[in-house]
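Coordinates in review
For reference, the chains in residue letters:
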Amino acid sequence: MSAVAISANNERDAGVVEEICGYLTEEPPRSYFLFAGAGSGKTRTLVEVLRRMTGVVEHESGGRLARRLRIYGRSIRVVTYTKNAVAVINGRLGDNDLIGVSTIHAFCWELISGFNDDIREALVAIKQAQLEKETAEAAARPRGITAAKQRDLDEIKADIEAFKLIDVFIYNPDRETHGAGALAHKHVLDATAWLLQNRSTLQTILKDRHPIILIDESQDTMKGILDALMSFAEPRGAGLTLGLLGDHRQRIYTDGHSDLPSLVPVSWATPELQMNHRSQRRIVTLINRIWEAEIEGRTQPASGIQQHPRTEKAGGVVRLFVGDTSLSPKDKVVGERWCADQMRQASGSDAWGQGQYQLLALEHKLVATRGSFLDAYSSMVLIDPNSAAPTGSGENKGPTAVQVLLNELAQLEACVGADGAIDELMATEVFRCFGCLENMPENEAERAKRSDEMRQAIFAFAAASKNPEATVEQVLTPILGANLFEVDHRLSEAFADKSPAPPVPARGEEESKTDRIRRGWCGLFATQWSQLQKYRTYLAGNSVLATHQVVKGSEFLHVMVVMDDKVAGGNKFSYDKIFGGVQLGKSDRENLEKGKETTIDRTLRLLYVTCSRAQESLALVLWSSDPVAALNRITESDWFSEHEFVVIQHPVASLN
Ligand SMILES: Nc1ncnc2c1ncn2[C@@H]1O[C@H](COP(=O)(O)OP(=O)(O)OP(=O)(O)O)[C@@H](O)[C@H]1O
């Protein structure tokens, strides 16, 4: 193919930037929804539009808009999903005072901070509504309001009373905030959505500051905020123009609207990006097929355009490996290595033989199992389900109550050599850095006594942390005994409490929050200390293991997607149902009849996201409850050709 033809095919989206610039500079400007599929280069499109709208790249109508914005002291607001995306866009835009880029949390806080009376009213109203809803739901159950439920309801009441007493609310979008008046991330989004819908002054302020708001990953943007903004953008010329960028095929969080394209007003423009610049043709064909699949149990429309690969990306390798989910975790790991070796042979890439591929698993629990930190992870989930696992947005720090384990003790452990010797200089620096030397006694004798006490505790800590069998409790004992670090009161109280863990609730049985947290603490103290290091690596995103949700927006040369519903637990997703190893369940059929979202819908989207991360080669590993049924279904589908699906050989011990 000639160079001209290649470039013509690759440039099929070239007009979209100018098209969008046209919508934003028309009189009155027109809101738009940009369908931008996986790997379509939506960030590049966004940045190019912004450059033209703010006079960085010469553009006649863009230049006029830039002058108007400047005269009135206004700016275009870009809302992205992650801080990483903020940095990428800012980096490409350079210094530009006509554009503000931030996450939705920072955007919301900028709007509401300081309006303490309004925030209080919003939070009380939201909690009150939650209380009423939960009370009514519990009362309607056959057993009525149980004691455990009553405790939860009392907690909501206590939250309401606590909000009423707060004068000044504090918050930081980049980290957890503590102390009086501290707001959680969710509170800020909820309060902003409530205030935007209930306070006209806030609407006016918003339009006055940012007449144009562009929202990236809009399919996952919190419904309440999006609804409010979409209503202010109507009718056209109302003072706010919205640009929503998104791909409904990639919606994987529950915050967003289930079918955003159908909510977009007909008066809006709907430009499209048709290219996939990321992946080789074989991978692009597969993701097109996945999205168009007519599978039993699917309710979501197959709306959206087919993507086109770049002309020069004409290759790519895809394989589906099917094995038996009843194998032991160890056998599965061996099986997955066997699959990687098959990939090495099929693709000719040594990366597969050297472990240089990204392994994506369905759920955190599956990753924790593969990564040998399941006890640590499961305990953290019980202690704080909202912050135990890394998420696609924001920072991943783990539960607040255990921070000393994840930070101070991790740093102290780094001062202990392989032979157990302690680098005292380094250790002193750790204590200094955490402000633990500030309260050393003035008196020389007492000071020496305290130093000695600390040294003993550090030796005991070092010995315990080097013992591969040591539990978190054993490592923590000397630390807490000598008060080496400031510790969250919840941790010290839980440690002092020597009562046994409450029993695991039976299926369907409700458990109070207090019991759940206590079980978490007991589990954590009994966990092997060595698991915490693996957990920390995973939280920090430095692991070659990642869950599907977390890799949103990323790309990797070679990807292995591990699908193992049994280990993942939960019933939100089921790959085995998609591939035919498991039949639809009762609730799937009920949802289907009601036209409600099904497991199939959610799993198809997750599969779409994971497969579209791969640039060169993609291995799908399905651990199925019924490999024969799955293989039959796969043979009938047009997703893979015959040589592309492979039964995982067992035993595969030859690779050991
Ligand atoms: N016009 C282009 N020409 C060549 N390469 C491009 C172009 N646009 C994007 N790319 C490349 O294609 C890849 C995908 O781009 P990008 O990550 O911006 O896509 P995206 O739309 O954000 O995808 P996703 O929604 O799947 O995360 C990147 O490697 C990027 O550098």
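Residues numbered from 1 in each chain as written. Predicted model: local features only at pLDDT ≥ 70, side-chain atom pairs only at ≥ 80, totals over all residues.

Structural notes on the overall build of the protein chain
Selection criterion: For helices the rule is a DSSP run of H or I covering at least 4 residues; for strands it is a run of E covering at least 2, with both sets numbered from the N terminus onward. We compute the radius of gyration over the C-alpha atoms and compare it with the globule rule, which gives 2.2 Å times the number of residues raised to the power 0.38. Each residue is classed by its C-beta neighbour count within 10 Å, where at least 20 other C-beta atoms makes it buried, 12 or fewer makes it exposed, and intermediate counts make it partly exposed; the C-beta atoms are placed from backbone geometry.
Each helix and strand in the protein chain was counted, giving 29 helices and 14 strands. The globule rule puts the C-alpha radius of gyration for 656 residues at 26 Å, and the 27 Å found for the protein chain is close to it. For the protein chain, the spread of C-alpha atoms along the principal axes amounts to about 80 × 65 × 60 Å. Taking all 656 residues of the protein chain together, the buried fraction comes to 40%.

Regarding unusual backbone geometry
Here E27 and P28 are connected by a cis peptide whose omega angle stands at -10°. You can see P28 is positioned in the loop between α2 (16-25) and β1 (32-36). The step from E234 to P235 runs through a cis peptide bond, and the omega angle for that step is -10°. Mapping P235 onto the fold places it in the loop between α11 (223-232) and β5 (241-246). Despite not being glycine, E217 has its phi angle at roughly 50°, a positive value. Following the sequence through the fold, E217 ends up in the loop between β4 (212-215) and α11.

Considering the environment of W352
Cut-off, in case you're wondering: Contact between two residues is assigned whenever their backbone-derived C-beta positions fall within 7 Å.
One can find W352 in the loop between α14 (329-347) and β10 (358-361). Residues within four places of W352 in sequence aside, it is in contact with A340, M343, R344, S347, Y357 and H558.

Examining the sheet that holds strand β3 (residues 99-103)
Backbone hydrogen bonds hold the strands of a sheet together, and the pairing may be parallel or antiparallel. The condition that has to hold: Between any two strands, pairing holds if DSSP finds at least two bridges. Angles run from 0 to 180 degrees between N-to-C directions of axes, and those axes are lines fitted to C-alpha atoms, restricted for helices to the stretch in contact.
Overall, parallel pairing links the 6 strands, which are arranged β3-β2-β4-β5-β1-β6 in an open sheet. The outermost strands of the open sheet, each flanked by one partner alone, are β3 and β6 (272-273). The pairing of strand β2 (residues 76-80) with β4 spans 4 bridges and is parallel. From the neighbouring strand, V78 faces β4, where its bridge partner is L214. Along the sheet, helix α6 (residues 104-112) makes contact with β2 and β3, crossing β3 at roughly 110°.

What to know about the packing of helix α16 (residues 374-383) against helix α23 (residues 513-526)
Which entries qualify depends on this criterion: Note that the term roughly parallel is reserved for angles under 35 degrees, roughly antiparallel for angles over 145, roughly perpendicular for angles of 65 to 115, and oblique for everything else. For a crossing to be left-handed, the near helix must be turned anticlockwise from the far one by less than a right angle; the clockwise case is right-handed. Each residue is assigned to one of three groups, with Ala, Val, Leu, Ile, Met, Phe, Trp, Tyr, Cys and Pro labelled nonpolar, Asp, Glu, Lys and Arg labelled charged, and all others, Gly among them, labelled polar.
Their axes nearest at 7 Å, the elements α16 and α23 cross at an angle of 155°. The angle between the axes of α16 and α23 places the two elements in the roughly antiparallel class. Judged by the sense of rotation from one axis to the other, the crossing of α16 with α23 is left-handed. Residue-level contacts link D375, S378, S379, L382 and I383 of α16 to R516, I517, R519, G520, W521, G523 and L524 of α23. Looking at side-chain class alone, the contact of α16 with α23 contains 5 nonpolar, 4 polar and 3 charged residues.

A word on the UniProt feature "binding site: ATP" (unreviewed entry) in the protein chain
Cut-off, in case you're wondering: UniProt positions are given in the numbering used here, feature names are shortened, and annotations may be inferred rather than shown by experiment.
The UniProt record annotates "binding site: ATP" (unreviewed entry) at A36, G37, A38, G39, S40, G41, K42 and T43. Assignment of secondary structure puts A36 in strand β1. Those residues in contact with A36 that sit more than four places away from it in its chain are K42, L245, G246, D247 and L273. For T43, the contacting residues outside a window of four places in its chain are V88 and I89.

A short note on the site of the ligand
To keep things clear, this is the line we draw: Using a C-beta atom placed from the backbone for every residue, we mark a residue as near a molecule or strand if that atom lies within 6 Å of it. Where a domain begins and ends is set by an automatic assignment or by a domain database.
Surrounding the ligand, one finds 15 residues, the nearest of these being A38, G41, K42, H277 and R278. At 3 residues, the largest contribution of residues to the shell around the ligand is made by helix α3 (residues 42-53). Classifying every residue of the shell around the ligand by side-chain character gives 2 nonpolar, 8 polar and 5 charged. Each of two domains, domain 1 (3-103 + 198-276) and domain 3 (281-371 + 544-655), supplies a minimum of three residues to the shell around the ligand.

A few points about the pairing of strand β9 (residues 317-324)
Consecutive side chains of a regular strand alternate in pointing toward one face of the sheet and then the other. Across the 8 residues of β9, 7 count as buried, placing the element largely inside the fold. Both β9 and strand β13 (residues 614-624) contribute to a ladder of 8 bridges, which runs parallel. Within β13, the position partnered with G323 by the bridge is W623.

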